[in-house]
Every structure is written in structure tokens, then in C-alpha cells.
Amino acid sequence: MLTSANTFSAAISTAARLRHFGGTRTVLVGEPMGDRLQFWGEGGRTVLPNSNITIRYSTAYHNWEHGCSLSEIRTCFLLNYAYDVPAGPLQPDIPRSTSFADYAAGTDPAMAAVMQVLMVGNAD
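Residues numbered from 1 in each chain as written. Predicted model: local features only at pLDDT ≥ 70, side-chain atom pairs only at ≥ 80, totals over all residues. Heavy atoms only, no water.

1. Some details on the sheet that holds strand E2 (residues 29-30)
And step 1. Taken together, the three strands give an open sheet; going across it, the order is E1-E2-E7, and neighbouring strands pair in parallel fashion. The sheet is open, and its two borders are formed by strand E1 (2-3) and strand E7 (94-95), each paired with just one other strand.
And step 2. Judged from the two bridges that link them, E2 and E7 form a sheet pairing that is parallel. If you follow Gly30 over to E7, its bridge partner there is Pro95. (Pairing = 2+ DSSP bridges. Helix = DSSP H or I, 4+ residues; strand = E, 2+ residues; numbered from the N terminus.)

Given below as C-alpha cells:
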């Protein structure tokens, strides 16, 4: 699974579920995710009455590292009680980042690492 600093929200949820259910078969390659594994999401928008500025608010807590506990029933996103998984830390197993020199040369270190993992896996 490829991750980067652009991995947020639903992608973190997906990564957590893949790691939890895939266990050691799931290999994270790339950069650390762009957000923490405990974060606030969902919600909506409202307009402040005096300034007419529109703001966004969040109403649901997600804890993909440890899972939501019953003591957090008032804060955790309700669906997380059905679909939540305590995935543990989601740091890349194979850290790879792309520099501008890689980009300019048309190379992708993360994808090269994935291909290496696939080739080693096919050798078995």
C-alpha cells in the first residue's frame, strides 16, 4: 500500500482496515501519512451571524490507532463502533520519499520499492 503526506481521512481509514485485516501481508511503502491516526472529521458548515463568515466544524472523532472505546461514545463517529479497527501505528514499513531530482528524472522510489517487494514475493 502506498502512502504519502497526501494520505488523509478516508485513505487513513482504508489503510487502517487493510493493516488490521491484512496483518503482515500488508506492506506500507512511502512517506508518513498526512494526518495523525486520531482526528476529528465529519460535521458541516455554518455561517457566523455577525461577520457572515462561513466556518467548518467537526463533530466526530476517529481513533484508527487504538480504536474507539465505550468511554468515547459521545465523541467517536457512531459508525466506527461497527467498522472501527485498532490498527496500531501506520508508519511505512519501507520508507521512501520522492525528491525533485527523482521527479525530474521520471523515477519513483516508492514504486521501485513496491516492484522489489513483488519480485521477492514471486521468487517464493
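2. With respect to the packing of aromatic side chains
And step 1. Per the counting criterion, the structure on display carries two aromatic pairs.
And step 2. Each ring, one from Trp40 and one from Tyr61, has its centre 5.5 Å from the other, and the planes form 55°; the classification is tilted. Here Trp40, found in strand E3 (residues 38-41), pairs with Tyr61, found in strand E6 (residues 60-63); they are 21 residues apart in sequence, far enough to count as distant. (Phe/Tyr/Trp six-rings, centres within 6.5 Å; stacked < 30°, edge-to-face > 60°.)

3. Some points on the pairing of E6
And step 1. With burial as the criterion, each face of E6 is covered, one bearing Ala60 and His62 and the other bearing Tyr61 and Asn63.
And step 2. The sheet contact formed by E3 and E6 spans four bridges and is antiparallel. Among the inter-strand pairings, Gly41 is bridged to a residue of E6, identified as Ala60. (Buried < 20%, exposed > 50% of the residue type's maximum accessible area, 1.4 Å probe, protein only.)

4. Concerning the side chain of Glu72
And step 1. Within the element layout of this structure, Glu72 appears in the loop between E6 and helix H2 (80-83).
And step 2. Comment: no salt bridge for buried Glu72; closest opposite-charge side chain is Arg74, at 13 Å.
And step 3. Dropping the residues within four chain positions of it, Glu72 is found in contact with Tyr61, Asn63, Gly67 and Tyr81. (Lys, Arg positive; Asp, Glu negative; His and termini not counted. Salt bridge = Lys/Arg side-chain N within 4 Å of Asp/Glu carboxyl O. Contact = heavy atoms within 4.5 Å.)

5. Details of the nonpolar core
And step 1. Membership of the largest hydrophobic core is limited to 11 residues, which are Ile12, Ala15, Ala16, Leu28, Met33, Leu37, Phe39, Trp64, Val85, Ala87 and Leu90.
And step 2. Counting residues per element, this core draws most heavily on helix H1 (residues 9-22), at three residues.
And step 3. Residues contacting Leu90, with those up to four places away along its chain left out, are Ile12, Ala15, Ala16, Arg19, Leu28, Met33 and Leu37.
And step 4. If you look at the next biggest cluster of nonpolar residues, it comprises five residues, including Val29, Ile94, Ala110 and Val114. (Core = buried A, V, L, I, M, F, W, Y, C linked by side-chain atoms within 4.5 Å.)

Everything listed is a geometric property; what it means functionally is a separate question.
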